[in-house]
Amino acid sequence: MNKSIDVPSIKSQGYEQLLSYYLEELGKVGTSEVGLCRRPFTADYEKAAQMVATWMREHGLEVRKDEVGNVIGRIEGTNSQVKVIATGSHLDTVRGGGKYDGMLGVVGGVIAAGYLLKNYGQPEHSIEVIAFTGEEGSRFGGFLGSKWMAGALGEKDINSKDEKGISVKEAATALGYNLSEELIAVRKDIEAFLELHIEQGPVLEAAGCPIGIVSAITGMRQAEVIVHGRTDHAGTTPLNMRQDALLSAVKIIKALDACVRQSGGDTVFTVGQIDANPGSVNVVAERCAFTIDLRDPDPSKLSGLYEKCLEEARTQAAQAGVKIDWQEILTVEPVPCSVRLRETLAAAAKTVGLDCQPIVSGAGHDALMMAEIAAVGMVFVPSAGGRSHCSEEYTPADQCLAGVCVLAEAVRQLAYN
Ligand code: HGY
Ligand code: MN
Ligand code: MN
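Asker: So what exactly am I meant to see when it comes to the environment of I75 here?
Answerer: Within the fold, I75 resides in strand β4 (residues 71-75). Taking the C-alpha atoms as reference points, I75 and L153, separated by 78 residues in sequence, lie 27 Å from one another. Not counting the four nearest positions on each side in its chain, I75 is found in contact with L61, A113, L117, P123, S126 and I127.

As structure tokens, then:
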């Protein structure tokens, strides 16, 4: 049995500097007026994907891209009869995002795989590192790349459009990807998917714990609500004669927020986007579109509360004399992580000399989709101040490396006989 690894041995080979270099370099690709913004099927995304492919090759991985643009690095195993041990995360960002969310799992996976190949040679199980595209939903619906790999990307997803009316299929085809439903090849050859990720919340930092072993990943419901009112003059239209789409949207949002708060527990509710038309200071809005994001790790509570919100929105709209369209964007069930992989990750943390604790993920991850086709496990590292999805997102290099070390030891235990 190969000797286990530890943080000093990874550190001694210069991987901490390399990890920081990779994160810094990726953090420069896709800067915009709102900060880092790297969306799928854009020149910036392709540039970042190319950088990751180059780094994968430098670590001895064979590299390919699939039909939706996921970049897959592979170390061939000695035994073709056993399944793949995969790791990775997403390479896209939210608008104004940070340089660790997703990226740490991609470049940390590359470093872990490269370190294992260099120090332990060819594994029994093939090892893959996957840089998923379109996880964030900042251009199209979320989890594009991992949905594709899990065979869950349907016609509706492929035809979904961005704010300019460009569909996933058109955007992918323009870059030479051949994205069609017929080509969906559900991966059936992956035994385990391990994702390294920043926690994006305050728990580990507050506990002073360097490693979180995820027990479950929250479920998500996202929808776009469009309120239809009537354009009127702001000065001459009496208040009781208006069908004010924006004011009605505010009333609906407040009612949904109250609904969720009354339900208690771990449920969270967010309105992240709102847009009113025609958008003039002296015109009553005829249309107001906003998004909702509802999450809870309990599937029955999540679905029950989602239906209750829909009903509440309709009641509020009727009282305000406006009409609403409620269009679902994303439905993802909560996922319990594999007990075996939780134990493997906890054992790996112990082996490398790091404390760890169980944690529920309030963020969604590609592991949610990969759970359709493989056992999934996640390892978290702390987020400074619990901040994420913002330029303040930060995790010190040594804490990032600790996560890479646990990942590498877990992959070693799974992939090497
Ligand atoms: O929304 C999420 O939780 C993830 O960052 N996509
Ligand atoms: Mn994110
Ligand atoms: Mn993420």
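Now, onward.
Asker: Looking at this model, I keep getting lost on the packing of aromatic side chains. Mind explaining?
Answerer: Inspection of the entire model under this criterion finds eleven aromatic pairs. Taking 6.0 Å as the distance between ring centres and 50 degrees as the angle between the ring planes, the aromatic pair formed by Y21 and Y22 counts as tilted. By way of ring pairs, the aromatic residues Y15, Y115, Y120 and Y416 are connected into one cluster. In this arrangement the basic side chain of R221 is found over the ring face of Y306, its NZ or CZ atom lying 5.7 Å from the centre.

Asker: It is not clear to me how the coordination of the manganese ion (ligand 3) should be interpreted in this structure. Could you clarify?
Answerer: Each angle at a metal carrying four tetrahedral donors should ideally be 109.5 degrees, and each at a metal carrying six octahedral donors should ideally be 90 or 180 degrees. For the manganese ion (ligand 3), every protein donor is listed as H90 (NE2), D101 (OD) and H197 (NE2), and the spread of their distances is 2.1 to 2.3 Å. Binding-site remark: the manganese ion (ligand 3) is held by donors from one chain whose sequence spacing is H-x10-D-x95-H. For the pair the manganese ion (ligand 3) and the manganese ion (ligand 2), the metal-to-metal distance amounts to 3.4 Å, and D101 bridges them. Here H90, found in strand β5 (residues 84-90), pairs with H197, found in strand β7 (residues 190-198); they are 107 residues apart in sequence, far enough to count as distant. Like H197, H90 is buried.

Asker: I'm lost on the coordination of the manganese ion (ligand 2) in this one. Help?
Answerer: Taken together, D101 (OD), E136 (OE) and H389 (NE2) make up the protein donors of the manganese ion (ligand 2), found 2.1 Å from the metal. Each donor residue of the manganese ion (ligand 2) lies on one chain, and together they are spaced D-x34-E-x252-H. Residue classification places H389 among the partly exposed positions, given a relative accessible area of 41%.

Asker: Just checking my understanding: could you explain the environment of L117 for this structure?
Answerer: As for its placement among the helices and strands, L117 is situated in helix α4 (residues 103-120). Taking the C-alpha atoms as reference, L117 lies 30 Å from Q200; in sequence the two are 83 residues apart. Discounting residues that sit within four places of it in the chain, L117 has contacts with H59, G60, I75, Q122 and Y416.

Asker: What's the story with the pattern of salt bridges in this structure? I'm lost.
Answerer: When the charged atoms of two side chains with opposite charge come close together, those side chains can pair. Within this structure, the stated rule accounts for 19 salt bridges. Notably, a salt bridge pairs D157 with K147, separated by 3.2 Å at the nearest N-O pair. You can see D157 sitting in helix α6 (residues 155-158) and its partner K147 sitting in helix α5 (residues 144-149), a full ten residues away along the chain. The salt bridge involving E333 is made with R221; its shortest N-O contact spans 3.2 Å. In this pair, E333 is assigned in the loop between β15 (323-332) and β16 (335-336) and R221 in strand β9 (residues 219-228), connecting sequence segments 112 residues apart. You can call R221 buried: its relative accessible area is 7%.

Asker: Would you explain the site of ligand 1 in this entry?
Answerer: Close to ligand 1 lie E135, E136, M220, R295, A363, G364 and H389, which account for all nearby residues. Here a nitrogen atom of ligand 1 and a side-chain polar atom of E136 are 3.0 Å apart. Note that an oxygen atom of ligand 1 is positioned 3.0 Å from one of the side-chain N or O atoms of H389. Surface burial for ligand 1 is 93%, taken as the share of its 210 Å² of free accessible area covered by protein chains. Here the residues of the shell around ligand 1 are counted per class, giving two nonpolar, two polar and three charged.

Conventions we followed
Residues numbered from 1 in each chain as written. Chains lettered and ligands numbered in written order. Predicted model: local features only at pLDDT ≥ 70, side-chain atom pairs only at ≥ 80, totals over all residues. Heavy atoms only, no water. Helix = DSSP H or I, 4+ residues; strand = E, 2+ residues; numbered from the N terminus. Contact = heavy atoms within 4.5 Å. Phe/Tyr/Trp six-rings, centres within 6.5 Å; stacked < 30°, edge-to-face > 60°. Lys NZ or Arg CZ within 6 Å of the ring centre and 35° of its normal. Donors = N, O, S within 2.8 Å, 3.2 Å for Na, K, Ca; no water. Buried < 20%, exposed > 50% of the residue type's maximum accessible area, 1.4 Å probe, protein only. Salt bridge = Lys/Arg side-chain N within 4 Å of Asp/Glu carboxyl O. Near = heavy atom within 4 Å. Polar contact = N/O pair within 3.5 Å; in protein donor to acceptor, adjacent residues only side chain to side chain. Areas by Shrake-Rupley, 256 points an atom, 1.4 Å probe, with all protein chains shown as cover. Nonpolar A, V, L, I, M, F, W, Y, C, P; charged D, E, K, R; others polar.

Interpretation in functional terms is not warranted from these geometric data alone.
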